[in-house]
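Coordinate inspection notes
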Amino acid sequence: MRKSSFISTIAFAFIMLLSTNVEAQKFAGLDKSPLDISVSKDKSVKIIYSRPQLKGRELSKLAPNGKVWRTGANEGTEITFKNDMTLGGKSVKAGTYTLTTIPGEKEWTVILNSTLGTWGGNAKSGEVTRFMAKASTSSDSLEAFSIAFDDEGNMHLGWGTVRVAVLLN
């Protein structure tokens, strides 16, 4: 009797250990628009955004010309300036803002808003400034929406073959 009780206890402990390991191996799938962070070389500007994918869709349908676009996916894209900046000739105080854009063929309108935590970044109030940024095309196509900074600290948006240069001073 004592031997079977000992074996039962060992078997029970083994089953509990095994079930914990099996449960711990369940992970969520990858987000369809993963979150990313881009930081300027001098670390004075940081942008947090989600990266939607083209997946065979047309950019003109996802971010149509002339309509406010959240400039990413999911929660509003947030940009943080450690110092006061000049963007497109407009002064912007140090702080964190939601960034949205209005795509165009040759220029995009860039909008900074003081309302944070918005889904899609389409706040109805709190606009701080808007300015124009030059748009161009590239022979290379980017599947995922991307934001990067060059060595001079300027920010570049890219998706599909569209490239937008946002000059930061």
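Residues numbered from 1 in each chain as written. Predicted model: local features only at pLDDT ≥ 70, side-chain atom pairs only at ≥ 80, totals over all residues. Heavy atoms only, no water.

Here we look at the overall build of the protein
For the record, the criterion: Numbering of helices and strands starts at the N terminus; helices are DSSP runs of H or I of at least 4 residues and strands are runs of E of at least 2. Under the scheme applied here, a residue whose accessible area is under 20% of the maximum for its type counts as buried, over 50% as exposed, and between as partly exposed, the area being computed with a 1.4 Å probe on protein chains only. Here, two residues are considered to be in contact whenever any of their heavy atoms come within 4.5 Å of each other. Accessibility throughout is a Shrake-Rupley quantity obtained with a 1.4 Å probe, and a residue counts as covered only by protein chains that appear here.
Along its length, the protein carries two helices and nine strands. Overall, the protein shows an N-to-C arrangement of helices and strands of α-β-β-α-β-β-β-β-β-β-β. Counting all 169 residues of the protein, 36% fall into the buried class. Long-range pairs, those at least 24 residues apart, make up 50% of the contacts in the protein with a sequence separation of at least 6. Summing over all exposed atoms, the protein offers an accessible surface of approximately 10,700 Å²; the carbon and sulfur share of this is 56%.

Overview of the packing of aromatic side chains
Short version of the rule: Side-chain rings of Phe, Tyr and Trp, where Trp is taken by its six-membered ring, are said to pair if the distance between their centres is within 6.5 Å; with planes under 30 degrees apart they count as stacked, over 60 as edge-to-face, and otherwise as tilted.
Overall, the coordinates contain six aromatic pairs when judged by the stated rule. Seen in terms of ring centroids, Tyr49 and Phe145 are 5.7 Å apart; in terms of plane orientation they differ by 85°. Their pairing is edge-to-face. Pair noted here: Tyr49 is in strand S2 (residues 45-50) and Phe145 is in strand S8 (residues 127-149), with a separation of 96 residues, a long-range link. Of the residues examined, Tyr49 reaches a relative accessible area of 2% and is grouped as buried.

Concerning the pattern of salt bridges
Applied cut-off: Here, a salt bridge means any side-chain nitrogen of Lys or Arg that lies within 4 Å of a carboxyl oxygen of Asp or Glu.
Per the counting criterion, the structure on display carries two salt bridges. Across the pair Arg51 and Asp36 runs a salt bridge whose closest N-O atoms are separated by 3.4 Å. Remark: Asp36 occurs in strand S1 (residues 35-39) and Arg51 occurs in the loop between S2 and helix H2 (59-62); sequence separation between them is 15 residues. Assessed through its relative accessible area of 21%, Arg51 is described here as partly exposed. Across the salt bridge formed by Arg130 and Glu127, the nearest N and O atoms sit 2.9 Å from each other. The class for Glu127 is partly exposed, based on a relative accessible area of 43%.

Some words on the pairing of strand S6 (residues 95-102)
Looking along a regular strand, one sees side chains alternate from face to face of the sheet. The condition is simple: In this description, strands pair whenever DSSP reports at least two bridges between them.
For S6, the buried fraction is high: six of the eight residues fall into the buried class. Sheet topology note: the strand S3 (residues 77-81)/S6 ladder contains five bridges and is antiparallel. Looking across to S6, one finds that Phe81 is bridged to Gly95. Of the strand pairs in this sheet, S6 and strand S7 (residues 107-113) are connected by five bridges, and their pairing is antiparallel.

Looking at the sheet that holds strand S9 (residues 155-166)
Condition: Axis lines are fitted to C-alpha atoms, over the contacting stretch for helices. Their N-to-C directions set the angle, which ranges from 0 to 180 degrees.
Here we have seven strands laid out as an open sheet, ordered S1-S2-S3-S6-S7-S8-S9, and antiparallel in their pairing. Bordering the open sheet on either side are S1 and S9, each of which pairs with just one other strand. Across the sheet, the axes of successive neighbouring strands diverge by a mean angle of 35°, strand direction being ignored.

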